[in-house]
Amino acid sequence: MHSKESLYVTVHIALYSKVCKLENKNTEMKKLVTWSAGLLLLLGATSCRPTPQPKPSPTPSAKPEYKLPIIDYDFAGSVDDIVAFEKALGHALDKEQSNANSLTFSTGKSEFPETVYHLENKRITEIYQPCTSGDAVKQILPELTEELKKQGWNAWPTPVSNGECDAAFLLVRDINGTATQIGSVIVHTRTNNAKKTSPSISFIFSRVAGNIDPNTVVLPDLFLDGLGKTKEEIKSYYDGKGFESNVSGLFLRVKVDNPAYKNEVCFFFQEGENKCHSIIVTAVSFRINKSENLTNQLKKLGFEFDSEESGAIKKFFNEEKAIWAFARFMPLTQFDQPNLTFTKQPRNF
């Protein structure tokens, strides 16, 4: 019995050992299958993922079309000449946006849609070209720089370093031995709400009075028939010619295009009177009033030399209109100005 029981135990232990080994193998197989399935899923997911493609480089945008306006400081053409110039560029006058002092042209281009000429006494004082994109201004800036330099303009670093604009140019002329700035170009490539600027190009011109030869001076439109007329009648005459006017004290001041006489004709009204007493223009130098050219100019208006007073004033008389002209060509006091005065009442002068 003892031997049979021992044999039974031995067999039982052997069977149990095999069962355990089989269970261990099954467990390892399960682990292997599980790990293999995960690996296959990972490999499958990786193989199904699309291969990254290189991003195409952006296509460069076409260069904006830009046309340079009239930037000749000496341009003295009429409004019709400006219209003809812009028409040749393919631009159309926008009549609704234009008047005697401003001409707006539609270019038909998306980046630089307009060119606006500002006039004073029929002369160009400023040209404004707005732009819809700062990048467009940057693209044409090298071309603009090259063209301006060809025409004698130079880079102007001061306003750029002061943060006033993004590029600037100036035009300088030697006037009476002095280098004088007569034009400037201001370029903005960004919008600045605080300074109220946006992408644009502006051309600005300054009429310089010192650049005047007394022998070539021409008198402004004086409207001598304005003597004895009201402010309204005088304003009506100049309004019809596109000249601006304003009342200042006892004077009606009319802005005219004549730097030799400070671009102004003054109509004087005595206190309490509503009719013009005298017309006064002031030259930029006594040399102009002293020149023989002035005498010739007055002759064309019907004036003859009458006399000279105190070695400082020449007197002329227009018999047909009964008008006296007094030209001061020499100062007798520090307050004397080179005035040319017209009046029908010399006793009250």
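Computed from a predicted model, the values in this text were never measured in an experiment.

**Regarding the packing of aromatic side chains**
Part 1 of the argument: Inspection of every chain in the model, using the stated rule, returns 13 aromatic pairs.
Part 2 of the argument: Taken together, the ring pairs in this structure connect Phe223, Tyr237, Tyr238, Phe243 and Phe267 into an aromatic cluster.
Part 3 of the argument: The lysine or arginine in question, Lys231, covers the ring of Phe269, its NZ or CZ lying 4.1 Å from the ring centre.

**Looking at the sheet that holds strand β10 (residues 251-255)**
Part 1 of the argument: In spatial order, the strands read β9-β10-β11-β12-β16-β15-β14-β13; together these eight strands make up an open sheet with antiparallel pairing. Among the strands making up the open sheet, the edge pair consists of β9 (245-248) and β13 (304-309). Across this sheet, the average inter-strand angle for adjacent strands is 20°, counted without regard to direction.
Part 2 of the argument: Taken together, the six bridges between strand β14 (residues 313-318) and strand β15 (residues 323-328) define a ladder with antiparallel strand orientation. Pairing of Asn318 across the sheet is with Ile323, part of β15.

**Describing the pattern of salt bridges**
Part 1 of the argument: Using the criterion set out here, one finds 12 salt bridges in the structure.
Part 2 of the argument: Lys67 is the partner of Glu65 in a salt bridge, and the nearest nitrogen-oxygen pair spans 3.4 Å.
Part 3 of the argument: We note a salt bridge from Glu65 to Lys109, for which the minimum N-O separation is 3.0 Å. One end of the pair, Glu65, is in the loop between α1 (2-48) and α2 (79-88); the other, Lys109, is in the loop between β2 (102-106) and β3 (114-120), with 44 residues separating them in the sequence.
Part 4 of the argument: A relative accessible area of 39% places Glu65 in the partly exposed class.
Part 5 of the argument: Of the residues examined, Lys109 reaches a relative accessible area of 33% and is grouped as partly exposed.

**Structural notes on the confidence of the model for the chain**
Interpreting fine coordinate detail is not advised for predicted regions of low pLDDT.
Part 1 of the argument: With 79% of its residues at a pLDDT of at least 70, the chain reaches an overall mean of 83.
Part 2 of the argument: The lowest-confidence element of the chain is α1, averaging 45 in pLDDT; the highest-confidence one is strand β1 (residues 92-93), averaging 97.

**Focus: unusual backbone geometry**
Part 1 of the argument: Phi at Phe223 is positive, roughly 45°, even though this residue is not glycine.
Part 2 of the argument: As for its placement among the helices and strands, Phe223 is situated in the loop between β8 (200-205) and α5 (231-239).
Part 3 of the argument: At Ser310, a position not held by glycine, the phi torsion is positive, near 60°.
Part 4 of the argument: Following the sequence through the fold, Ser310 ends up in the loop between β13 and β14.

**Side note on the side chain of Asn258**
Part 1 of the argument: Its place among the elements puts Asn258 in the loop between β10 and β11 (264-268).
Part 2 of the argument: The exposure class of Asn258 is buried, given its relative accessible area of 8%.
Part 3 of the argument: Excluding anything up to four places from it in sequence, Asn258 contacts Val218, Leu219, Pro220 and Asn263.

**Some remarks on the environment of Glu126**
Part 1 of the argument: Residue placement: Glu126 occurs in strand β4 (residues 123-130).
Part 2 of the argument: By relative accessible area, Glu126 is classed as partly exposed at 29%.
Part 3 of the argument: Linking Glu126 and Val116, residues 10 residues apart in sequence, is a C-alpha distance of 8.2 Å.

**Structural notes on the environment of Val247**
Part 1 of the argument: Looking at where Val247 falls in the secondary structure, it is placed in strand β9.
Part 2 of the argument: Val247 sits 19 residues away from Cys266 along the chain, and the two C-alpha atoms are 9.7 Å apart.
Part 3 of the argument: Not counting residues up to four positions away in its chain, the partners in contact with Val247 are Lys231 and Leu252.

**A few points about the pairing of strand β12 (residues 278-282)**
Part 1 of the argument: Across the five residues that make up β12, a large majority, five, are buried.
Part 2 of the argument: Of the two faces of β12, the one lined by Ser278, Ile280 and Thr282 and the one lined by Ile279 and Val281 are each fully buried.
Part 3 of the argument: Where β11 meets β12, three bridges bridge the pair, whose relative direction is antiparallel. Each bridged residue has a counterpart across the sheet, and for Cys266 the counterpart in β12 is Ile280.
Part 4 of the argument: Pairing analysis gives five bridges linking β12 to strand β16 (residues 339-343), with the strands arranged antiparallel. If you follow Thr282 over to β16, its bridge partner there is Asn339.

Definitions and limits used
Residues numbered from 1 in each chain as written. Predicted model: local features only at pLDDT ≥ 70, side-chain atom pairs only at ≥ 80, totals over all residues. Heavy atoms only, no water. Phe/Tyr/Trp six-rings, centres within 6.5 Å; stacked < 30°, edge-to-face > 60°. Lys NZ or Arg CZ within 6 Å of the ring centre and 35° of its normal. Pairing = 2+ DSSP bridges. Helix = DSSP H or I, 4+ residues; strand = E, 2+ residues; numbered from the N terminus. Axes fitted to C-alpha atoms, helices over the stretch in contact; angles between N-to-C directions. Salt bridge = Lys/Arg side-chain N within 4 Å of Asp/Glu carboxyl O. Buried < 20%, exposed > 50% of the residue type's maximum accessible area, 1.4 Å probe, protein only. pLDDT = per-residue confidence, 0-100. Contact = heavy atoms within 4.5 Å.

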